[in-house]
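Close look at the chain arrangement
Each chain, letter by letter, is given below.
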Amino acid sequence: MSEELFKKLVSHAKKYGFIFQSSEIYDGLSAVYDYGPYGVELKNNIKEYWWKSMVQMHDNIVGIDSAIFMHPKTWKASGHVDAFNDPLIDNKDSKKRYRADVLIEDHIAKIEGKINKEVNKAKKRFGDDFDEEKFRAEHPRVQKYLTQIKEIQERMGASLSAGDLEDIKLLIEELGITDPASGSRNWTEVRQFNLMFNTQLGNISGEEGKLYLRPETAQGIFVNFLNVQKTTRQKIPFGIAQIGKAFRNEIVARQFIFRMREFEQMEMQYFVQPGKEMEWFDYWKEHRMKWHKALGTSDDKLRYHDHDNLAHYANAAVDIEFKFPFGFKELEGIHSRTDFDLSSHQELSGKKLQYFDPEMNENYVPYVVETSIGVDRMFLAVMTNAYTEEMVPDASGGEAERVVLKIPAALAPIKAAVLPLVKNKEELTTKAKEVFDKLKLFFNIQYDEKDAIGRRYRRQDAIGTPFCITIDFETLDDNTVTVRERDSLDQDRMHIDELAHYLEKHTNISTLLTKLI
Ligand code: GAP
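All values derive from a computational prediction rather than experimental measurement. Numbers given to residues run from 1 along each chain, matching the order in which its sequence is written. The predicted origin of the model limits local features to residues at a pLDDT of at least 70 and limits the giving and counting of side-chain atom pairs to 80 or more, whereas totals for whole chains, interfaces and linings rest on all residues. Calculation of side-chain values draws on the structure's entire complement of heavy atoms; hydrogens and water are dropped beforehand.

Here we look at the sheet that holds strand β5 (residues 97–99)
Strand order across the open sheet formed by 3 strands is β5-β4-β6, with antiparallel pairing between neighbours. Unpaired on one side and paired on the other, β5 and β6 (191–194) mark the two borders of the sheet. Sheet twist, expressed as the mean angle between neighbouring strand axes with direction ignored, is 45°. For two strands to pair, DSSP has to find at least two bridges joining them. Helix and strand assignments come from DSSP, with helices taken as H or I runs of at least 4 residues and strands as E runs of at least 2, each series counted from the N terminus. Here strand β4 (residues 85–90) pairs with β6 via 4 bridges, running antiparallel. Working convention: axes come from line fits to C-alpha atoms, limited for helices to the stretch in contact. Angles between N-to-C directions cover 0 to 180 degrees.

A few points about the domain arrangement of the protein chain
Start and end points for every domain follow an automatic or database-based domain assignment. The assigned domain composition of the protein chain is domain 1 (37–83 + 195–389), domain 2 (85–191) and domain 3 (409–516). One C-alpha centre belongs to domain 2, the other to domain 3, and the line joining them spans 50 Å.

Description of helix α15 (residues 453–463)
What α15 keeps buried is the set R456, Y457, Q460, D461, A462 and I463. At the exit of α15 stands G464, carrying a positive phi of roughly 85°. Burial status follows relative accessibility: with a 1.4 Å probe on protein chains alone, a residue under 20% of its type maximum counts as buried, one over 50% as exposed, and anything between as partly exposed.

Here's the deal with the packing of aromatic side chains
Two aromatic rings from Phe, Tyr or Trp, using only the six-membered ring of Trp, form a pair when their centres are within 6.5 Å; if the ring planes differ by under 30 degrees the pair is stacked, by over 60 it is edge-to-face, and anything between is tilted. Within the structure shown, the criterion is met by 26 aromatic pairs. A ring pair is formed by F258 and F326, whose centres lie 5.4 Å apart and whose planes are at 75°; its orientation type is edge-to-face. Taken together, the positions of F258 in the loop between β9 (238–247) and β10 (262–272) and F326 in the loop between β12 (316–324) and β13 (327–338) put the pair 68 residues apart, joining distant regions of the chain. Ring-pair connections join several aromatic residues into one group, and the members of that group are F6, Y33, F256, F258, F322, F324 and F326. Looking at R288, its charged tip hangs above the ring of W291, at a distance of 4.2 Å from the centre. Two thresholds decide whether a charge sits over a ring: the Lys NZ or Arg CZ must be within 6 Å of the ring centre and within 35 degrees of the ring normal.

Looking at the pattern of salt bridges
A side chain with one charge can pair with a side chain of the opposite charge if their charged atoms come near. A side-chain nitrogen of Lys or Arg and a carboxyl oxygen of Asp or Glu constitute a salt bridge if their distance falls within 4 Å. By the definition in use, this model includes 41 salt bridges. R99 is paired through a salt bridge with E250; the nearest N and O atoms lie 3.9 Å apart. Pair noted here: R99 is in strand β5 and E250 is in the loop between β9 and β10, with a separation of 151 residues, a long-range link. Overall, the relative accessible area of 10% leaves R99 in the buried class. Across the pair D487 and R486 runs a salt bridge whose closest N-O atoms are separated by 2.6 Å. For D487, a relative accessible area of 30% corresponds to the partly exposed category. Each of E390, R402, K406, R458, D461 and R484 takes part in a single network of salt bridges with overlapping partners.

Remarks on the sheet that holds strand β19 (residues 416–420)
Ordered in space as β20-β19-β21-β22-β23, the 5 strands form an open sheet in which the pairing is mixed. Each having just a single partner strand, β20 (445–447) and β23 (491–495) make up the two edges of the open sheet. Across this sheet, the average inter-strand angle for adjacent strands is 25°, counted without regard to direction. Both strand β22 (residues 480–485) and β23 contribute to a ladder of 5 bridges, which runs antiparallel. Counted as the bridge partner of V483 is D492 from β23. Working rule for contacts: check all heavy atoms of both residues, and any pair within 4.5 Å makes them a contact. Seen against the sheet, helix α17 (residues 499–507) touches β19, β21 (467–471), β22 and β23 and runs at an angle of roughly 165° to β21.

Considering the side chain of E118
One can find E118 in helix α5 (residues 100–126). Under the relative-accessibility criterion, E118 is labelled buried at 10%. Sequence-distant contacts of E118, that is, excluding residues within four places in its chain, are made with F135, H139, R141, V142 and Y145.

Concerning unusual backbone geometry
Cis geometry marks the peptide bond from I236 to P237; its omega dihedral reads 10°. By the element assignment, P237 lies in the loop between α10 (225–232) and β9. One non-glycine residue, D27, lies in the positive phi region at around 70°. Secondary-structure assignment places D27 in the loop between β1 (19–21) and β2 (33–35). Given the relative accessible area of 75%, D27 is considered exposed. Here the phi dihedral of N361 falls at roughly 55°; this positive angle occurs in a residue that is not glycine. For N361, the location among the structural elements is in the loop between β14 (355–357) and β15 (362–364).

Things to note about the site of the ligand
Here a residue is near a molecule or strand as soon as one of its heavy atoms is found within 4 Å of it. Every one of the 22 residues lining the ligand counts as a neighbour, but E216, R248, M260, E267 and E330 are closest to it. Any pair of N or O atoms that falls within 3.5 Å is considered a polar contact. Within protein, one atom must be able to donate a hydrogen and the other to accept it, and sequence-neighbouring residues count only if both atoms are side-chain atoms. Note that an oxygen atom of the ligand is positioned 2.8 Å from one of the side-chain N or O atoms of R248. Take G374: an N or O atom from its main chain is 2.9 Å from an oxygen atom of the ligand. Elements with a contribution of two residues or more to the shell around the ligand: β10, β13 and β16 (367–374). A class-by-class count of the residues in the shell around the ligand yields 7 nonpolar, 5 polar and 10 charged. Following the grouping adopted for this structure description, the nonpolar residues are Ala, Val, Leu, Ile, Met, Phe, Trp, Tyr, Cys and Pro, the charged ones are Asp, Glu, Lys and Arg, and the polar ones are all others, Gly among them.

Right under this line is the structure:
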């Protein structure tokens with residue numbers, strides 16, 4: 001999908017009630033978004049798919065819903081007060097502020113662009129005989145670019161891990177990176193900027209009353225580890241899952257809902273015996289990829305990316321990256337967090353956070369493997385995959401363009417639309433409303449009688465409704481209806497009594513969950 005199509009997707013999301021800019025009437029608030037009527041349905045379905053895949057499908061994973069506000073010491077123990085920073089750099093001429101690492105990543109993307117150019121040129125030249133893999137592995141210029149990328153990534157990773165901000169500045173200068181806004185190379189020093197938002201408790205002044213808006217949901221799970229373990233009598237290994245809001249004062253806020261200041265996370269912490277963490281890291285790495293692929297996302301749009309720069313709490317980390325319209329970017333992170341969090345909370349709170357392992361007959365602080373995915377980012381991935389412009393046959397025997405969201409049926413905001421063929425025939429509308437009233441008990445469906453049937457189909461295509469049920473004159477004779485499938489445009493004739501079973505079979509979340517077994 002090109003940048004051009006991405007712009008169309010963003011405006012489609014607004015036009016059809018999926019996503020609005022927050023406080024739009026005041027010209028909006030940057031990097032904050034509201035979900036409209038279809039957006040909230042899609043978002044809820046994504047959350048349901050995730051929740052059920054974790055909590056319902058694993059008898060050793062349970063859920064919680066912890067508060068956004070936590071004791072301020074939580075964030076000291078977790079390392080967020082001291083280390084949850086982004087490296088910032090300002091341009092002295094344009095006065096614009098950037099994330100230093102993002103400037104370098106954008107530079108890498110430009111080199112990747114050069115590689116793609118070489119590949120496309122060769123593709124044209126060699127036609128069907130072209131072996132892309134071999135070309136990438138052997139072509140001297142491509143090899144030179146790949147080496148450059150590797151060297152930049154390694155140096156940036158090492159400098160960020162070591163907190164060597166001087167070297168990050170040096171790297172920006174050596175690479176000749178200019179301000180994207182002004183072209184200037186007049187940079188300030190690189191400094192650290194803490195990403196947590198804070199606010200103040202009403203009854204305590206000063207540092208003591210300083211509260212943070214959680215930057216991740218994970219800490220609510222860590223501090224409840226023993227509460228949950230004891231009340232559910234779980235044995236290690238076991239997991240705790242949570243979906244909830246998180247807040248980060250992102251400096252680079254762009255690319256629509258990809259990077260937001262207020263967003264939602266779906267996180268699962270899996271508590272394991274020390275020493276077994278890599279085994280479980282591999283398990284969750286594979287299982288989470290399966291979850292994404294169950295949605296029908298093609299292999300070439302998903303890939304793993306090992307972290308070069310490990311977070312302060314991790315001993316191994318991998319991203320699942322999705323091919324967004326602006327390139328491959330992180331969609332989900334899988335991190336082996338060791339016993340860092342539980343041990344830090346144990347130390348700062350003075351309360352034991354240990355598990356007695358009957359198998360080993362000993363107490364220990366468990367190790368943790370986490371899976372962490374942003375709901376909004378997943379939403380954007382689903383929309384990106386779904387947005388399609390295509391030519392389809394029209395009523396006059398010709399062709400017409402349609403915009404259709406090919407959202408997996410189980411995630412679609414509306415499962416079916418009930419449409420009387422024409423609106424001015426009362427027998428048809430009465431029958432259609434009967435069908436609608438029957439089905440609405442079980443499915444999120446719509447009734448629509450306004451405009452010609454073709455236009456109503458287009459409206460449903462635009463919001464991704466997988467099935468349109470048309471009530472026509474034959475229905476009045478034999479209680480059969482036409483069911484039009486969104487992607488193939490196939491039309492099936494079936495009895496009204498079969499509809500509930502048909503929709504259940506094709507739109508239930510279980511159609512996805514079965515692929516995970
Ligand atoms: N508990 C670990 C953690 O929070 P992270 O890699 O910082 O790890 C996990 O975030 C996921 O949360 C990311 O993969 C992404 O999907 C989502 N995420 C992070 N920051 C975000 C932002 N500013 N806007 C939208 N989603 C974000």
